[in-house]
Amino acid sequence: MTEGGRIAVIGWGSLIWDLDDLAPKVEGEWVFGAGPVLPVEFSRVSRKRAGALTLVIDPTAGAPVRTAVIASVRNRLDRAVADLAARERAPEVLIGRVAAAPTAPTDAIAPTDAVAARVAGWCRAEGWAGAVWTDLPSNFEESEGRPFSVPAAVGYLRSLRGGTLMSAKRYIDEAPRETDTPLRRALAADPWWRGLSDEP
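Now for a description of the structure that goes with this document.

Definitions and limits used
- Position labels on residues start from 1 in each chain and follow its written sequence.
- With the structure being a predicted model, the display of local features is reserved for residues of pLDDT at least 70 and the display and counting of side-chain atom pairs for 80 or more, all residues being used for whole-chain, interface and lining totals.
- Here the side-chain values reflect all heavy atoms present in the structure, with hydrogen atoms and water set aside.
- Note on conventions: DSSP H or I runs of at least 4 residues are helices, E runs of at least 2 residues are strands, and numbering of each starts at the N terminus.
- Contact between two residues is taken to exist if any of their heavy atoms lie within 4.5 Å; hydrogens are not considered.
- Joining through side-chain atoms within 4.5 Å is the link that ties buried Ala, Val, Leu, Ile, Met, Phe, Trp, Tyr and Cys residues into a set, and such a set is a nonpolar core.
- Residue burial is assigned from relative accessible area. The probe radius is 1.4 Å, only protein chains are included, and a residue is buried under 20% of its type maximum, exposed over 50%, and partly exposed in between.
- What makes a salt bridge here is a side-chain nitrogen of Lys or Arg within 4 Å of a carboxyl oxygen of Asp or Glu, nothing more.
- A helix is expected to span 1.5 Å for every residue after the first.
- Taken from the helix axis, the directions to the C-beta atoms give the arc we talk about.

Structurally, the position occupied by A175 is in the loop between α6 (162-174) and α7 (182-188). Separated by 105 residues in the primary sequence, A175 and I70 place their C-alpha atoms 16 Å from one another. Beyond its immediate sequence surroundings of up to four residues, A175 is in contact with W17, F42, L55 and R184.

As a further point, take the nonpolar core. L53, V119, W133 and L157 are the most contacted members of the largest nonpolar core, which has 42 residues in total. Among all residues touching L157, those that are not within four sequence positions of it are L53, L165, A168, I172, L187, W192 and W193. Among the nonpolar cores identified, the runner-up in size contains 19 residues, and I7, L15, W30 and L84 belong to it.

Within the element layout of this structure, G51 appears in the loop between β3 (37-46) and β4 (52-57). Given a relative accessible area of 4%, G51 falls into the buried group. On a C-alpha basis, the gap between G51 and L160 in space is 8.3 Å, while along the polypeptide they are 109 residues apart. Apart from residues lying up to four places away in sequence, G51 is in contact with V45, S46, Y156 and L160.

To continue, consider the pattern of salt bridges. What the rule picks out here adds up to 11 salt bridges. Taking the shortest distance from any N to any O, the salt bridge between R177 and E178 comes out at 3.9 Å. Assessed through its relative accessible area of 72%, R177 is described here as exposed. D180 is paired through a salt bridge with R185; the nearest N and O atoms lie 3.2 Å apart. Using a relative accessible area of 36% as the deciding quantity, one classes D180 as partly exposed. Counted as one network, the salt bridges with shared partners bring together D18, K48, R87 and E88.

On to helix α3 (residues 113-126), then. Owing to its 3.6 residues per turn, the α-helix brings residues three or four apart onto one side. Taking 1.5 Å of rise per residue, 14 residues should cover 20 Å, and α3 covers 20 Å from first to last C-alpha, within 8% of that figure. For α3, every residue scored as buried is listed here: V115, A116, V119, A120, W122 and C123. The buried residues of α3 occupy an angular sector of 160 degrees when projected down its axis, which confines them to one face. Facing away from the buried surface of α3 by more than 90 degrees, the exposed residues are D113, A114, R124 and A125. In the core, the buried residues of α3 are packed alongside β1 (7-11), β3, β4, β6 (68-72), β7 (95-99) and β9 (130-134).

Shown next, in the form of structure tokens:
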């Protein structure tokens, strides 16, 4: 359990524009592009967000994205984990965490060793004692019965209707511009996607 230093909260998606009940548990402002580069893609079908494709760390399909960072008010990694888990309405096992200098097995939970090593190295370089982030997995293949790919994701979005489709579009459009993924680039060039805002 790391204690006594600054803990970073890393973000790349909705956490940035919707801190929700995490707001009183962080200080300062988000610093865009200051976080570690992580493999991120819109490859999770979110039931909480009406079927929108949401951003997750995806070591297979993810593109390197420079993330944003904000400081937790906590100086203990376990408490920063609990704060983020409460915001995400998720169990703590789905909150990634790493300490710059781990002192306990629970000081490092990440989707892959490569992600953990990258974040730990970033913490050491930037002077953070540790970091936490949302670690929900990609579930596109489980949900849709085929592996995630840009064409498959576009096909999925085209199958949505009405408010569900517009909710999905808002989520992708509101992501920080630094969150530049292959799906987002494909949609930006798609006249169908660009024209959705003009629909009644």
